[in-house]
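Structural features, examined
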Amino acid sequence: MPYKTFKMSNVDYFWDFFTSKGITNIFGLPGGAISDLLAKKPNTINWVNTGNELQDGFVASTYGYYTNNVGLLFVTTGPGIATALSSYKNAEAENYPLIIISTFNPLNTTDDFQWWNINQISSTIGNLVYIENNFQFVKGLNDAYNLAKTKNIGVTLLININILDKMIKVPTINPITKLLEKKVLNKYTKSIVKEINQTFTNKNTLVVLGKGKFLDYNVVKDFILRNNLPYVTTWKQRYVISGATYCGRLGTLGHHSANYAVIKASHILIIGDYSGAVKTDYYENKFT
């Protein structure tokens, strides 16, 4: 059965999209380049400004991580987005979900830093999504959001300022499709847990618990307790499981017991982001 569609402006769909994702707070500084976007901000979303784009970016990325969502940072062109790029790179390094949102005017030929063409250096920046026309709007928002949320990284979203008021056809979401997607995801998760339970059963298996967004932390906790597996954490994680054998934090600034446990393990199961802590030749033969 095909989706029904209805028309709305790009800027209205923009806020409708992020509201549907559970966004209740956004961050950044106002300015001319994003005023058309911010003018339509719904009352259900709070605007937060801590002083400048860099600080706002750090707060937004932290907000995104701890709410298990995405942090949205709104910045103007030129100096605004330039100041925010350090928070973008920090989000990339720390695996924090952040989207830096700004506009771009391809019709402007002014050789001025206020209209810096960040799109020209997109290969240097990395994860940049540019929505140039109406046909790209729905997909562009989804691509930027899904990339930031699933990969836990920074994404820069540029929108052609000349298309904000243009009308687009928006498909309605079928609730049955949503329910089926959730069932498929749960089934996939259970199959992974089953496979892990069948594979890692010996006492020489060590769990490295890194930073991550797990569908259900209790699945990880129950797996470790049920199999009586020792575990260590990385510098990005401090999750302590009551009743389990915790060997401390991994790394040169961690605990000797954690490093010793890694040496003695015949198998290492990494859950989450381990931040390069075990990326050495010595550990390569321990991965399955």
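Read on for a plain summary of the structure. (Residues numbered from 1 in each chain as written. Predicted model: local features only at pLDDT ≥ 70, side-chain atom pairs only at ≥ 80, totals over all residues. Heavy atoms only, no water.)

Along strand 7 (residues 154-160), seven of the seven residues are buried, which leaves the element largely enclosed by surrounding structure. In strand 7, alternate side chains face the same way, and those of Gly154, Thr156, Leu158 and Asn160 on one face and Val155, Leu157 and Ile159 on the other are all buried. Bridge count for strand 5 (residues 98-104) against strand 7 is seven bridges, and the pairing is parallel. Looking at strand 7, one finds that Thr103 is bridged to Ile159. Bridge count for strand 6 (residues 128-131) against strand 7 is four bridges, and the pairing is parallel. Bridge pairing links Val129 to Leu157 in strand 7. Between strand 6 and its parallel partner strand 7, the chain crosses via helix 6 (residues 137-151), and the hand of that crossover is right-handed. (Buried < 20%, exposed > 50% of the residue type's maximum accessible area, 1.4 Å probe, protein only. Helix = DSSP H or I, 4+ residues; strand = E, 2+ residues; numbered from the N terminus. Pairing = 2+ DSSP bridges. Right-handed = clockwise from strand over helix to strand, strands pointing away.)

Moving on to the side chain of Thr76. Of note, Thr76 is situated in the loop between strand 4 (71-74) and helix 4 (79-94). If sequence neighbours within four positions are ignored, Thr76 has contacts with Leu29, Pro30, Gly31, Gly32, Ala33, Ile34, Ile81 and Ser102. (Contact = heavy atoms within 4.5 Å.)

To continue, consider helix 1 (residues 10-20). Within the span of helix 1, buried status applies to Asn10, Val11, Tyr13, Phe14, Trp15, Phe17 and Phe18. Just downstream of helix 1 lies Gly22, where phi reads positive at about 85°.

Further remarks concern the packing of aromatic side chains. Applying the stated criterion across every chain yields a total of 15 aromatic pairs. The interplanar angle of 85° and the centroid separation of 5.1 Å between the aromatic rings of Phe14 and Trp15 together place this pair among those described as edge-to-face. Ring geometry for Phe14 versus Phe18: centroids 5.0 Å apart, planes at 65°, classification edge-to-face. Separated by four residues within a single helix, Phe14 and Phe18 lie in helix 1, roughly one turn from each other. No difference in accessibility class separates Phe14 from Phe18, as the two residues are buried. Clustering of aromatic rings is evident, with ring pairs tying together Tyr13, Phe14, Trp15, Phe17, Phe18, Trp47, Phe74, Phe137 and Tyr145. (Phe/Tyr/Trp six-rings, centres within 6.5 Å; stacked < 30°, edge-to-face > 60°.)

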